[in-house]
Amino acid sequence: MNDLKSPALLKSCSFINGQWQEALDKFDVYNPANNEVIAQISEVSAEQIDNAIEAASVAQKKWQQKTSFQRAEILQNWSALIDQHQDDLALIMTREQGKTLPDAKGEIIYGKGFIDWFAEEAKRIYSDTTSNHIEHKSVQTIKQPIGVVGAITPWNFPNAMITRKAAAALAAGCSFVVKPASETPLSALALAELARQAGIPDGVFNVIVGTNSQKIGEQLTTHKKINKFTFTGSTKVGKLLNKQCANSIKKVSLELGGNAPFIVFDDANIEHAVDALVAAKLRNCGQTCISPNRVYLQHNIASTFKTKLVAALKQIKQGNGECQDSQIACLIHKKAAEKVHQLAESAIKNGGKLIHGGLTKSPDSSFYPITVIDEVPHGIDITQCEIFGPLFTLITFNEEREVIDQANDTEFGLASYIFTENANRVYRVTTALEYGMIGVNDSAISHPIAPFGGIKHSGFGKEGSKYGLDDYLIIKAVTQKFYHQ
Ligand code: SIN
């Protein structure tokens, strides 16, 4: 990668206590578009991880003593540097993750938005004093940073899933040790280099990179100096990590898998709903936890909707994420494309009808064509798991109650979408849907101002928004008695 404007952003080892820490063992990072090796990275050792946690523990004590305005200023420096280097950051991301350059740039801006947001929120950590509930007595609360935060972040958003957690943690006065996905370490390391340049003190922000996720996860979840653990990734892994945290009673937040229903009622604005579906489903080539997974169309509009959807999809150009005219690109690796392919095949075997795209995936590629399967029977595999690819599954329904029951019939509860012009229905359906986030005539639900997070097996804890700091704070109650002279 010798075409970056700032080659210093390209790093090849963990960032611990303000230092780049090489190691003898290396692992390769691939460009998913062509399977070429783009970097060799030092595999973090168990000892280095311990050093990172120790350093974070020491650094946190000083960091929390800075005023909220001082922490905000340093976070703003970080954000400004990210802004300044957005072209390089996007290129690095496209090369290691595969998404298109506009998608990558969008993510850099989105990720930086969390730093801007939490830099401001740092100044708004309010405590309470209650009115006297007993004579001569008051109760006050003190909010303080929880301490050292351990984090594991996914490959689908290699920048924003780090900043959404780290910005909140640092704003609250915590220090941070993150293990990014081994598929996408470069974006995380570039963020670390900019954190260093921004003046984030040594030990406050650490990035450990390695492929032994199980061992690293164990160390982060069991270390007694980690006070809070946060994870974005699959429900299966989240459950395991949550268990591992139990012994040391860590505060935990989990942003896990989704299975989003996208419901279009007869009275919806169809053009608008089609556009919203295409945008949300094809964002990051379908690899988002909030991607519409099951599209429910009410009987009267189903046929018109399908015609318009297929017409819109025929206009989309798929290609290498670095090509100017690519609107969607590839999946993270061949295995991911294979999984989507198997889901499509199984849906068709079970009665689904292929109405766009095809089952023509080449076995040696991470590209999967945009595909639409209609008349998918409720309850089969594809309606129960996360697809994570550009595969649309359409289901027709008749009644409101029926679709609510089907939409809720999943262990997941992250995002959901409804399209209707009926205000009464909006109230009924949003209160009945068992999801942490609901877009009404809207599929662009992610923003630093909106609380992001799920319920049920999609996890707990909210990221972003005014609630995003809560997970990184503890509340002490101080009761005080006043004596008369
Ligand atoms: C995710 O897929 O986990 C995050 C998506 C988002 O922040 O919009």
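This one's a predicted model, so the numbers in the text were calculated from it and none came from an experiment. (Residues numbered from 1 in each chain as written. Predicted model: local features only at pLDDT ≥ 70, side-chain atom pairs only at ≥ 80, totals over all residues. Heavy atoms only, no water.)

Remarks on the overall build of the chain
Along its length, the chain carries 14 helices and 19 strands. Dimensions along the principal axes, computed over C-alpha positions, put the chain at roughly 80 × 65 × 40 Å. Contacts in the chain between residues far apart in sequence, at least 24 positions, make up 73% of those at least 6 positions apart. Put simply, the chain has 49 plus and 51 minus side-chain charges, and the middle of one group is 5 Å from the middle of the other. (Helix = DSSP H or I, 4+ residues; strand = E, 2+ residues; numbered from the N terminus. Contact = heavy atoms within 4.5 Å. Lys, Arg positive; Asp, Glu negative; His and termini not counted. Charge placed at Lys NZ, Arg CZ, Asp CG, Glu CD.)

Observations concerning the sheet that holds strand 14 (residues 371–374)
Taking strand neighbours across the sheet as the criterion, the seven strands line up as 13-14-15-12-11-16-17 in an open arrangement whose pairing is mixed. With partners counted over all chains shown, the strands left at the sheet margins are strand 13 (353–356) and strand 17 (437–440), one partner each. In this sheet, adjacent strand axes meet at a mean angle of 25° when their direction is disregarded. Pairing geometry for strand 16 (residues 415–419) and strand 17, over four bridges, is parallel. (Pairing = 2+ DSSP bridges. Axes fitted to C-alpha atoms, helices over the stretch in contact; angles between N-to-C directions.)

A few points about the environment of Lys62
You can see Lys62 is positioned in helix 1 (residues 46–63). The spacing of Lys62 and Gln84 is 22 residues in sequence and 29 Å in space, taken between C-alpha atoms.

Looking at unusual backbone geometry
Even without being a glycine, Cys285 presents a positive backbone phi close to 55°. By the element assignment, Cys285 lies in the loop between helix 9 (270–282) and strand 12 (292–298). Even without glycine at this site, Glu375 takes up a positive phi of about 55°.

A look at the pattern of salt bridges
Overall, the coordinates contain 25 salt bridges when judged by the stated rule. Of the charged contacts, one joins Asp3 and Arg95 as a salt bridge, the two residues approaching to 2.7 Å between their closest N and O atoms. You can see Asp3 sitting in the segment before strand 1 (14–16) and its partner Arg95 sitting in helix 3 (residues 86–97), a full 92 residues away along the chain. Taking relative accessible area as the criterion, Asp3 reaches 43% and is therefore assigned partly exposed. In this structure, the salt-bridge partner of Glu54 is Lys225, at a minimum N-O distance of 2.9 Å. Of the two residues, Glu54 sits in helix 1 while Lys225 sits in the loop between helix 7 (213–222) and strand 9 (228–232), which places them 171 residues apart along the sequence. The partly exposed category is assigned to Lys225, whose relative accessible area is 31%. (Salt bridge = Lys/Arg side-chain N within 4 Å of Asp/Glu carboxyl O. Buried < 20%, exposed > 50% of the residue type's maximum accessible area, 1.4 Å probe, protein only.)

Considerations on the side chain of Gln97
For Gln97, the location among the structural elements is in helix 3. Within polar-contact distance, the side chain of Gln97 engages the backbone nitrogen of Lys99 at 3.0 Å. Apart from residues no more than four positions distant in its own chain, Gln97 is found in contact with Pro32, Trp155, Asn156, Pro158, Thr184, Asn284, Gln287 and Ile332. (Polar contact = N/O pair within 3.5 Å; in protein donor to acceptor, adjacent residues only side chain to side chain.)

Some thoughts on the pairing of strand 17
Burial along strand 17 is one-sided: Met437 and Gly439 are buried, and none of Ile438 and Val440, which face the opposite way, are. Between strand 16 and its parallel partner strand 17, the chain crosses via helix 14 (residues 423–432), and the hand of that crossover is right-handed. (Right-handed = clockwise from strand over helix to strand, strands pointing away.)

Let's talk about the side chain of Glu96
By the secondary structure assignment, Glu96 is in helix 3. No salt bridge forms around the buried Glu96; measuring N to O, its nearest opposite-charge neighbour Lys99 is 9.5 Å away. Polar contacts involving the side chain of Glu96 include one to the side chain of Ser187, which spans 2.6 Å. Beyond its immediate sequence surroundings of up to four residues, Glu96 is in contact with Val29, Tyr30, Pro32, Ile38, Pro158, Glu183, Thr184, Pro185, Leu186, Ser187 and Ile332.

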